[in-house]
Amino acid sequence: MIKNDLFLKALKGESVERPPVWMMRQAGRYLPDFMKLKEKYDFFTRCRTPELATEITVMPIHQVGTDAAILFSDILVVPQAMGIEIEMKPGVGPFLPDPIRTPVQVNDIRIPDVYEELGYVYEAIKMTKKELNDEVPLIGFAGSPWTILCYLVQGQGSKNFDKAKEFCFKRPMAAHILLQKITDTTIAYLKGKVEAGVDAVQLFDSWGGMLSPTDYQEFSWKYMQQIIDALKDDIPVIAFGKGCWFALKEMSESGASALGVDWTCSARNARYLSGGNITLQGNFDPSRLFSPPREIKSMVHQMIDEFGKDKYIVNLGHGILPNIPVENAKAFVDAVKEWQPR
């Protein structure tokens, strides 16, 4: 039994004394100890070395005190396993020397044996679970098929992913074949994570908000739904679509246990749009962690009051930024632990 099970209780919709708290990208660049490892090992070496992934995953539990750990990895390990070359360039981020732009390239992409190609992830999960010693739950994750397609076609990060959208609208058949291949691989990958011992999984649709509501249904949500359907009976699934407030109703009917909300959607609107019965997660603006700790605490308390303590997981509206002071991240977490009902 997990000693601190607040996060799992919130996912089940059970009543809690206070909401649980964790932060997207909490095992990352704002931690000085992470930066020391970054100087020694490149990004994908850290992802592929179970000992390093474990050390990085556990860091924020000891240093910041969150109620859940999220495995240190990256959404792009999935397309790498599918045989696509992806580099992590300093100052650029993900970079593909040979982006996917033609139906022929799409047909050449294989659906891998996840246990063979991604065994290092499962090894890291087992190692992390042992290291956590049932103190807090462990979250596994994957990117949404649409978000992964964005990188594969664009070739790197972008403000508008124009090439990715052009590919979908000019070559919808090829786009859907690619999305389905990513979906099938992701389902197998996440099922492996469940077997390895994660306690919940989150789907990150970081670029879902780039699409119109109609295009979102066609190119993103229906693939997210396939993944949720394949996993929901085995494990709680959190669906997070950045900028996707317009899809909260469909998301709430999907079988997901919780929905992530970004900082552009208020607690009131999120509750209304999602029907008021599902657990919500979010929605603190990551940039607000630059505010003085006293202000952070006040804003966190207000956020909990607005969402309500039950069916709510305190989190940021996207990943923590690299230049946030550790004491501010800790103030965010401590504020949740100090919260009292009014």
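With respect to the pairing of strand β8 (residues 279–284)
At step 1: The element β8 is largely enclosed, with a buried count of six among its six residues.
At step 2: Looking at chain direction, strand β7 (residues 258–261) and β8 are connected through four bridges and run parallel. Following the sheet pairing, Val261 is matched in β8 by Gly282.
At step 3: What joins β7 to β8 is helix α14 (residues 267–273), and the crossover it makes is right-handed.
At step 4: For β8 and strand β9 (residues 312–316), the ladder comprises five bridges, and the chain directions are parallel. By the bridge assignment for β9, Gly282 is matched with Val314.
At step 5: Between β8 and its parallel partner β9, the chain crosses via helix α15 (residues 293–307), and the hand of that crossover is right-handed.

Here we look at unusual backbone geometry
At step 1: Along the chain, Gly282 connects to Asn283 via a cis peptide bond; the corresponding omega equals -5 degrees.
At step 2: Summarising the element assignment, Asn283 is placed in strand β8.
At step 3: A positive phi angle, close to 60 degrees, is found at Arg25, a residue other than glycine.
At step 4: Topologically, Arg25 is positioned in the loop between α1 (6–12) and α2 (32–40).
At step 5: Under the relative-accessibility criterion, Arg25 is labelled partly exposed at 48%.

A closer look at helix α9 (residues 145–154)
At step 1: Within α9, 10 of the 10 residues are buried, which leaves the element mostly enclosed by the surrounding structure.
At step 2: Immediately beyond the C-terminal end of α9, within one or two residues, lies Gly155, with a positive phi of roughly 95 degrees.

Regarding the pattern of salt bridges
At step 1: All told, the structure shown has 14 salt bridges when counted by the stated rule.
At step 2: Note that Arg110 and Glu117 form a salt bridge whose closest N and O atoms lie 3.8 Å from each other.
At step 3: Using a relative accessible area of 39% as the deciding quantity, one classes Arg110 as partly exposed.
At step 4: Since its relative accessible area comes to 31%, Glu117 is described here as partly exposed.
At step 5: Linking Glu166 and Lys170 is a salt bridge whose minimum nitrogen-to-oxygen distance equals 2.9 Å. With Glu166 and Lys170 both in helix α10 (residues 162–170), this residue pair falls four residues apart, about one helical turn.
At step 6: For Glu166, a relative accessible area of 40% translates into the label partly exposed.

Conventions we followed
- Residues numbered from 1 in each chain as written.
- Predicted model: local features only at pLDDT ≥ 70, side-chain atom pairs only at ≥ 80, totals over all residues.
- Heavy atoms only, no water.
- Buried < 20%, exposed > 50% of the residue type's maximum accessible area, 1.4 Å probe, protein only.
- Helix = DSSP H or I, 4+ residues; strand = E, 2+ residues; numbered from the N terminus.
- Pairing = 2+ DSSP bridges.
- Right-handed = clockwise from strand over helix to strand, strands pointing away.
- Salt bridge = Lys/Arg side-chain N within 4 Å of Asp/Glu carboxyl O.

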